[in-house]
Amino acid sequence: MSGDARVVAVLGPTNTGKTTYAIERMLGHRTGVMGLPLRLLAREVYDRIVALRGPSVVALVTGEERIVPPRTQYWVCTVEAMPEGMGCDFLAVDEIQLCADPERGHVFTDRLLRARGLHETLFLGSDTMRGPIAALVPQAQFMRRERMSQLVYSGQKKISRMRPRSAIVGFSVDNVYAIAELIRRQKGGAAVVMGALSPRTRNAQVDMYQNGEVDFLVATDAIGMGLNLDIDHVAFSALTKFDGRRMRALAPNELAQIAGRAGRGQKDGTFGVTGDAPPLDDGVAQAIMDHRFTPLQKLQWRNHALQFGTIDALIRSLETPSNHEVLAKAREADDLQALKSLSQSAEITARCTDARSVKLLWDVCRVPDFRGISHQEHSALLDVIFRYLHERGSIPNDWMARQIKRIDRADGDIDAISKRLVFIRTWTYVAQRKGWVDDESHWRDETRHVEDRLSDALHAKLTQRFVDRRTSVLLRRLGQKEAMVAEVNDAGEVTVEGEFVGKLDGFRFSQDKGAGAAEAKTIKTAALQALAPHFHLRADRFYNAPDTELDFTEQGGLMWGSSAVGKLVAGPEALKPQVEVFVDDVAGPEVAQKVQRRLQHFIDRKVAALFEPLIAMQKDEALTGLAKGFAFQMVEAMGVLPRATVADDVKALDQDARGLLRKHGIRFGQFTIFMPLLLKPAPTRLRLVLWSLAQGLSEFPESPPPGLVTVPAMTGGPRGTDTMSGYRNAGERAIRIDMLERLADMLRAEDSRGGFEAKADMLSITGMTLEQFATLMEGLGYRAEKGEREKVKPVDAVVATDATPDATDQPVMDAAEAETAAAATDTPAPADVPEGTEAIADAGQAPIIEEAAETPEVAAEIPTNPETEIDPGTAPEEAVAGPETEVFYSFTWGRNPGGNRRQNQGGNRRPNQGGKGGPKGKPKGKGPRRDGGNKPQNFSARPPKKEKAIDPDNPFVAALMGLKDDK
C-alpha cells in the first residue's frame, strides 16, 4: 500500500447517505471494490453503478452469482466474495458494525484488518464501531455523518390502523406470512421482503411497493441492511428473534438499524410497535431517536493464516485464539462444523494426505448450508461433492443434471417453491466455483435460469396470496379523491379501474361474493361512487324501453329483461296496483322516480289490456240498478264469481239486466259466473298476482299450465285459489270453469235421480279415464256406483241376429239425446234454460227433466252349449274362464258433494235386487254370479230407466238393432 493511501471510517446513523458517498468516491478512481453485507444489497448497488457507467465495466460477484465483463473496473461483491490481492485503487466495506455478528462477524473483522485499497479505503457503519476501529486500525480517520431527517417514536398501533407506506417487521417466516395475510384482508395487500428470497423475487416484490401497487411492506430484519425504500413508518411485530442458537432480545442498536429505514432523504420517519410486541422502554426509544448506543467492545475473529498440511492442522489453525483484547474468538461456524464432521470419515482422511487435498476439502466445507435441513444432511452432500472433485477433478455432468432436474419445478405452494429456491442456491454456488464443473458457463446459465423461473413463480405465488389488487387499487383511488372509471358489460359485470367488483342487476349493485368482510366495504364504496353516472344513463334507457322488454313474475316482481327492477304492492283497488322500485340509494331520488313512473305506466297498461272487458263494463253508463251492482261485484272478483256466493243476486236479475251483462261477455254458468275472455292464460296469470296482493299473501299461488282441462286439486293454497286460477276443485282434480259448464250442460239432459252412465263426450271434454271421471263427479256432488257386467262381444251380437238391417234403418234420437249432442258441439248459454233449472246448487239437487215412459232395459242373452263345456283335467287350446266383464259407473245426484264413493263396490245390481241395504236405505248390489257364467242374467231398476239410444256410428249397430227387434 502506498504511503498516501488513506483509511477513512464513515460512521453515523441510517439515512446519512454513507453508501451513496462510497459509490461516488469509488467512481472517482480507476478501479474499485465494494463489499456489502447482503446479496440483495449488492444487486441494488450493482444496478445503480451500471446505470451510471454501463454494464461493460461493472462486475457482480456473490456466492451464487457471478457477472464479470472482460473490461471490469468496478467490483460489487458480498463481503465473503470480495477478491483478495487484487490491488484496486479503492476499497469499501459497508455495514462494518457486523464485525460483532456471532455468525458472520469474523469475515467482516478480517476485511477490517486486511482489506485495503491502493489509494483509499472506506469503512461504512455505525458510531458504535469508533472504538474498535481506533484500536485495530490506528491510521484510520473518522468522518461523522448526521441523519438527514428526524426519526420519531410513535408508540403502539394496531395493524388495522396502520397508515400507508408502512413496513411491518417480523423475525420469522411464519410471522411475516401471518402479518401479510392480515394486511391483505384489511388493506388490500402487502409486498414481502426476506433475506432468503432471491434478488429477482425480492426486486419484483419491492417494485410492487415502490410503484404504489401496494402500500404496505412486510419484511424481516433484512431491510435494515441498507435497502433504500420509500418507507414512512416502521412497526416491530416482535422485539425478540432467534439468532440460530437461542431466542434473544434485540439490542437497541439493532432496533435502530431497522427503524432507520423510515424516512428517506429529507423526509422524516416514525417507528413503533404493533401486534403482540410490548411498547418500547422510554430509554430505548429515546436512544434510537438520538442515535446514542453502547459502543462495541468485542469483535468476532477467526485466524486467517490457515495451515493445510493435514486436516488436524487446519482445524487447529482455525481455532487459534487472538492475542488482541478487542478480538474475541468466533464461535464454531458451519464450515468448521462440516470440516470436523468429514474428518471423522476414514476415507476422507485417507484422501487428504497433502496440502492440495486439504485445501480442496476446506473449499468444499465452505459451501453454505442454504437448505438448512440438518448438519448431517449437509455433511453427507459435501462428502459426495469432495469425492467427485478429488477422484475426477470435477463433478459429473449427469449427476449435476439430476440434482438440478429434481429442483426445476414451478408447481406447488409458497413453501414448496421457497425450498426449491434455496436448494438451487447450493448448485448455483457450486457452479460458480472455478474448476468444479466441466462446462462452467453452461452450468452457471442453467442454474441461473432455474433460479429465475423459481423466483418468478415465487413472486407470483406471493402476490396471489398476499395481494388483493382489487382492494389495493380501489383504496388508493379513493384516497386520491378523484373520480373513478367504472365499466359495465352486457352481462352486468362491473369493473372499476379495471378490477371486477360485482354485478349491476337492474338498478341494484351486488358486489363480488368472493370478497371478504374486511374488503367488502371498500369495494362497495368505490363501486357505488364510480357507478353514479351509469345509474342515470341506465334510467334514461329504461324509461324509453318498450313494454315488450318488461314483464311481471307470478310472485309480483317486475323485470326488465332478466333484471329485477321492482315489485307490485297492493293499491286502493284490486285493479290498481302500485309499484315499489329496486334502486340503490346512491343512484339518487331522480333515478328512483324515473324508474317508478316507467313501471307504473307499464302495469297500468298491462291491466287495461288484459282486463279490458271488465274496465269497459265498469265504465258503461247504460248499466243501472241491480245490473250495475252485479257488474261492480264482477269487477271486484276480477271476472270470476262462484255462483253460490251470488245466488240471490242472480235470481234478482231480470232478463233485460242479464242481456246487458251478457253484452259485456258475462256468462251465467251453473257453477260460476265468468267472462270467458278472462280465462285465458295471460289474464289468469295477472289476476292471481292482483288477487294475492289484495289478500296480503306472502307467497303467491302459481297459475296452472295453459291448455289443461283438469289439474291436481288446488288444496294447499288460500281459499279461492282455484276460482282465481279459472278452475273449480272437484275431488282430487280441478276442472277448468268453462269446460265444467259444458259438462253441466250435458249432465242437465241426464236422469240424475234414476242414474246415468258417462257418455263418450263427457270423457272427451274432460280428457279423463272413467275412473278419474267418477272421482270428478263425486267432487261435484254426485254419487258414483261402480258395477261390473258381462261385456257384449261384437261377434256374439252378430250371431244372435238373423238379419242385418238396412244402412238407412237408423234410430232416431229423442229430445234429450239431441239436446246432449248439441251441448257437446255448441254449448247453449245456461240463461236459455228455464228459470227453475238455472242454479241447481241453490236447491241442493241435480237438474231434473221430465222423465220419459218406462222402457225395460234390454240385455242380450248368451246361449249355452253343453257340448263345449271343458272336462276336468283337460287343457283345450282356449280355456274359457268365464264371460268377459266390463266396469261401469252409475251416477246419481247426492246432497253431499264429494260424498261416499263406490257405495256399490263390486256389484252391478240395481235397487230392490236383493242384498243388504246401503246408505239411506239404498240396497247394496252384488257382483255377477260365478257359477259357470252360462246362464242369462236379467237386471231391472226402480224407477225404470228409459232405453238408451244406440250410437249410429257404432260398427255393430246392425247386430244391436237386430237384438232390439227380437224383443
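The preceding data block contains the structure.
Residues numbered from 1 in each chain as written. Predicted model: local features only at pLDDT ≥ 70, side-chain atom pairs only at ≥ 80, totals over all residues. Heavy atoms only, no water.

Right, let's get into the sheet that holds strand 30 (residues 710–712). Sheet architecture is open: 3 strands sit in the order 30-32-31, paired in antiparallel fashion. Each having just a single partner strand, strand 30 and strand 31 (727–730) make up the two edges of the open sheet. Adjacent strand axes in the sheet meet at a mean angle of 30° when their direction is disregarded. The sheet contact formed by strand 31 and strand 32 (residues 733–736) spans 4 bridges and is antiparallel. When the bridges of strand 32 are listed, Ala730 appears paired with Arg733. Here helix 26 (residues 737–748) sits on the sheet in contact with strand 31 and strand 32, set at roughly 85° to strand 32. (Pairing = 2+ DSSP bridges. Helix = DSSP H or I, 4+ residues; strand = E, 2+ residues; numbered from the N terminus. Axes fitted to C-alpha atoms, helices over the stretch in contact; angles between N-to-C directions. Contact = heavy atoms within 4.5 Å.)

Turning to the environment of Pro577, a few remarks are in order. Its location among the elements puts Pro577 in the loop between strand 25 (563–569) and strand 26 (578–581). When the C-alpha positions of Pro577 and Ala694 are compared, they lie 8.9 Å apart, and in sequence the two are 117 residues distant. With residues up to four places along the chain from it excluded, the contact list for Pro577 reads Leu568, Val569, Gly571, Gln600, Ile603, Val607, Leu690 and Leu693.

This brings us to the sheet that holds strand 16 (residues 269–273). Reading across the sheet, the 6 strands line up as 9-16-13-10-12-11 and stay open at both edges, with parallel pairing between neighbours. Here the strands that pair on one side only, and so sit at the sheet edges, are strand 9 (151–156) and strand 11 (191–193). Averaged over all pairs of adjacent strands, the angle between strand axes in this sheet comes to 20°, irrespective of strand direction. Across 4 bridges, strand 10 (residues 166–169) lies against strand 12 (residues 216–219) in parallel orientation. The residue of strand 12 that forms the bridge with Ser166 is Phe216. Packed on one face of the sheet, helix 8 (residues 282–290) meets strand 9 and strand 16 and runs near 155° to strand 9.

Time to look at the pairing of strand 7 (residues 120–125). For strand 7, a buried count of 6 out of 6 residues is recorded, marking the element as mostly surrounded by other parts of the structure. The side-chain alternation of strand 7 yields two buried faces, one formed by Glu120, Leu122 and Leu124 and the other by Thr121, Phe123 and Gly125. As judged from the 6 bridges shared by strand 1 (residues 6–11) and strand 7, these two strands associate in the parallel manner. Along strand 7, the bridge assignment pairs Val7 with Thr121. The β-α-β motif built from strand 6 (residues 90–93), the intervening helix 3 (residues 105–114) and the parallel element strand 7 has right-handed crossover chirality. (Buried < 20%, exposed > 50% of the residue type's maximum accessible area, 1.4 Å probe, protein only. Right-handed = clockwise from strand over helix to strand, strands pointing away.)

What follows covers helix 15 (residues 414–432). For helix 15, which comprises 19 residues, the first-to-last C-alpha distance of 27 Å matches the rise-based estimate of 27 Å (1.5 Å per residue) to within 8%. Among the 19 residues of helix 15, 14 are classified as buried, and the element is accordingly described as predominantly covered. (Expected span 1.5 Å × (residues − 1).)

A few words on the packing of aromatic side chains. For any pair of aromatic rings, geometry is given as the distance between the ring centres together with the angle between the planes. Tallied over the entire structure, the rule returns 14 aromatic pairs. For the ring pair Phe507 and Trp560, a centre distance of 6.1 Å and an interplane angle of 15° mean the geometry is stacked. With Phe507 in the loop between strand 21 (499–505) and strand 22 (508–511) and Trp560 in strand 24 (residues 557–560), the pair connects residues that are 53 residues apart, well separated along the chain. In this structure, Phe507 and Trp560 share a single accessibility class: buried. Following the ring pairs from residue to residue traces out a cluster consisting of Phe756, Phe773, Tyr782, Tyr889, Phe891 and Trp893. One Lys or Arg, Arg165, reaches over the ring of Tyr209 and ends 3.9 Å from the middle of that ring. (Phe/Tyr/Trp six-rings, centres within 6.5 Å; stacked < 30°, edge-to-face > 60°. Lys NZ or Arg CZ within 6 Å of the ring centre and 35° of its normal.)

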